[in-house]
Amino acid sequence: MDSKEKYLGEKVAEILLKRGFKKGNAEKAVIKGVKCDAIFCKGAESALLVEYKCVHAYRAPEFRSLIGDAILRLQYGMKSGQEANNRVLLAILMGRLSRKAEADLQEYAQKYLPDMNWILLDEFGAGFMHMDGKDEEVAVSDPLKKESACHPSPAQGSLFSPKNQWLLKVLLLPGIDQRYWGGPNQKPRSVGELAEVSGVSQPSVSAFINRAEQAGFMKRSSKGFIIQRHQELLENWAYALKHKGRDQVGLRFLYENDPEERFLKRIRDYCKKSKDPEKGLPIVIGRHLACHLMGMGRSNVRSAFLYANRPQEEILSALDLVADESRSAASLVLVRAPFQKVIFESSVLINHVPVSDIVQCYLDVYPSMDRGREQAEYIYQKVLGPYFERDH
């Protein structure tokens, strides 16, 4: 066992011992004759068999191959070894946390070994854990490397508060094709201008600018603010949204097999009837359906968010929808946006249907298991990447 693998083993033990596990006899950590790296026990629960892996940096083909190879071995551990019904855990150490690595772990586990637990740590002591179906951020003591002040841990998400998301869009999207962005088209060049254009107070804008600079995503110049590391910024943003949780309710159509065009017509009629300059739009469509309406659809997945700006009962009645108890499986979800500007003032009208802006489309689909990463990467390659390169 090399030094990094030894470090990983110590940190996994630190995480599990805090959660009531005890380290077992490593000689019993066997799956179909293949010895695992450790075994942990907790009360009367079945044994937890652990395998350690170390990688320097995320490279998609190699990382996915590593996960697949580990799953091929670990999947036998669920019903074999010294006892039946073993649990398994894959622990991975990498140089710096990667959202793509975390997404790959989720995707592969869900597809090939849904009961697999996993821990993803980096050399700066930050990490993510999936244990018994629950996700959480973790941090360990005495990291291998100290975190640079200008590159905070990816586990820190304060940059992506609802109000800061609006400020990011106001800085990122002015000048892009108006099919993709309905917000202010003026590019702010000072704190005062950004406060004026966004409608956010100057103290809040100053705090946001400082936070973005400290995270390494922004710098100032004589011409104003320069956003950098765009793709990493969007990936971190999508991850932060995924783990913040939302006020949302799964929906289904009142009448089965209701055609999509009929549903869109009800949305157009409802928006026209509920038009109110003071309240703004009543709903905005997001997620995969928004991508298709924008002409950016990459697959046949058409799940949707309905961002709400009116009472739930009113929206459901107007659109012939009912709440669905199986929220996680619902293809249509009603979402209450915590800060209205970030969704409603940035949206666009496509054939009189309110649709979320192009960045929100990216953020909505990125964590989706239904070809979301593919859709997000398509948006970046076709629209956002070329725009950012041209604009900066």
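Residues numbered from 1 in each chain as written. Predicted model: local features only at pLDDT ≥ 70, side-chain atom pairs only at ≥ 80, totals over all residues. Heavy atoms only, no water.

As for its position among the elements, Q202 is in helix α6 (residues 202-214). Residues Q202 and V191, eleven residues apart in the sequence, show an inter-C-alpha distance of 6.7 Å. In this structure Q202 touches V191, G192 and A195, once residues within four positions along its chain are discounted. (Helix = DSSP H or I, 4+ residues; strand = E, 2+ residues; numbered from the N terminus. Contact = heavy atoms within 4.5 Å.)

Turning our attention to the sheet that holds strand β4 (residues 38-41). The strand order β1-β4-β5-β6-β7-β8-β9 describes an open sheet built from seven strands, whose pairing is mixed. The open sheet has two free edges, formed respectively by β1 (22-23) and β9 (134-139), since each of these has just one partner strand. Running over the sheet, helix α3 (residues 99-112) touches β6 (87-94), β7 (117-122), β8 (126-131) and β9 and is turned about 170° from β7. (Pairing = 2+ DSSP bridges. Axes fitted to C-alpha atoms, helices over the stretch in contact; angles between N-to-C directions.)

Quick look at the packing of helix α5 (residues 191-198) against α6 now. Taken N-terminus to C-terminus, the directions of α5 and α6 make an angle of 120°; their axes are 9 Å apart at the nearest point. Considering how the two elements wind past one another, α5 and α6 form a crossing that is right-handed. On α6, the residues that touch V191, G192, L194, A195 and S198 of α5 are Q202, V205, S206, F208 and I209. (Left-handed = near helix turned anticlockwise from the far one by under 90°.)

This part takes up unusual backbone geometry. The phi dihedral of D142 falls on the positive side, at around 45°, and the residue is not glycine. Along the polypeptide, D142 turns up in the loop between β9 and α4 (162-172). Overall, the relative accessible area of 63% leaves D142 in the exposed class. (Buried < 20%, exposed > 50% of the residue type's maximum accessible area, 1.4 Å probe, protein only.)

Here we take up the nonpolar core. Ranked by size, the top nonpolar core spans 84 residues in total, and within it I267, L306, I358 and L384 carry the most contacts. With residues near it in sequence (within four places) discarded, I358 still touches L173, I176, Y180, M294, M296, I379, V383 and L384. One finds L49, F63, L90 and L120 within the second-largest nonpolar core, a separate group that totals 27 residues. (Core = buried A, V, L, I, M, F, W, Y, C linked by side-chain atoms within 4.5 Å.)

Moving on to α5. The complete set of buried residues in α5 reads V191, L194, A195, V197 and S198. Contacts made by the buried residues of α5 are with α4, α6, β10 (218-221), β11 (224-227) and α11 (340-344). The first or second residue beyond α5 is G199, which carries a positive phi of 80°.

Another aspect to go through is the side chain of E5. In this structure, E5 sits in helix α1 (residues 3-18). With near-sequence residues (within four places) excluded, E5 lies in contact with D37, Y52 and C54.

To continue, consider α6. Between its first and last C-alpha atoms α6 spans 18 Å; for 13 residues at 1.5 Å apiece the expected length is 18 Å, and the two agree. Looking at the packing, one finds that the buried side of α6 touches α4, α5, β10 and β11. Just past α6, the residue G216 takes up positive phi, approximately 85°. (Expected span 1.5 Å × (residues − 1).)

Checked against the element boundaries, L319 lands in helix α10 (residues 312-319). Exposure remark for L319: the relative accessible area of 0% places this residue in the buried category. Here the alpha-carbon distance between L319 and R266, two residues 53 residues apart in the chain, equals 5.8 Å. Leaving out residues up to four positions away in the same chain, L319 has contacts with F263, R266, I267, Y270, I283 and L306.

Glancing now at the pairing of β10. Strand direction decides the pairing type here: β10 and β11, joined by four bridges, are antiparallel. Note on β11: the bridge partner recorded for M218 is I227. Linking two consecutive strands that pair antiparallel, namely β10 and β11, is a turn of two residues.

Okay, the packing of aromatic side chains next. Applying the stated rule across the entire model yields eleven aromatic pairs. Aromatic pair F128 and Y239: ring centres 4.7 Å apart, planes at 45°, arrangement tilted. Here F128, found in strand β8, pairs with Y239, found in helix α7 (residues 230-244); they are 111 residues apart in sequence, far enough to count as distant. When its relative accessible area of 4% is taken as the criterion, Y239 is described as buried. An angle of 55° between the planes, with centres 6.2 Å apart, marks the rings of Y380 and F388 as tilted. You can call Y380 buried: its relative accessible area is 14%. Residue F388 is classed as buried on the basis of its relative accessible area of 2%. An aromatic cluster is built from Y362, Y366, Y380, Y387 and F388, whose rings are joined through pairwise contacts. Above the face of the F124 ring, R96 is positioned so that its terminal group lies 4.3 Å from the ring centre. (Phe/Tyr/Trp six-rings, centres within 6.5 Å; stacked < 30°, edge-to-face > 60°. Lys NZ or Arg CZ within 6 Å of the ring centre and 35° of its normal.)

Nothing here speaks to function; it is geometry throughout.
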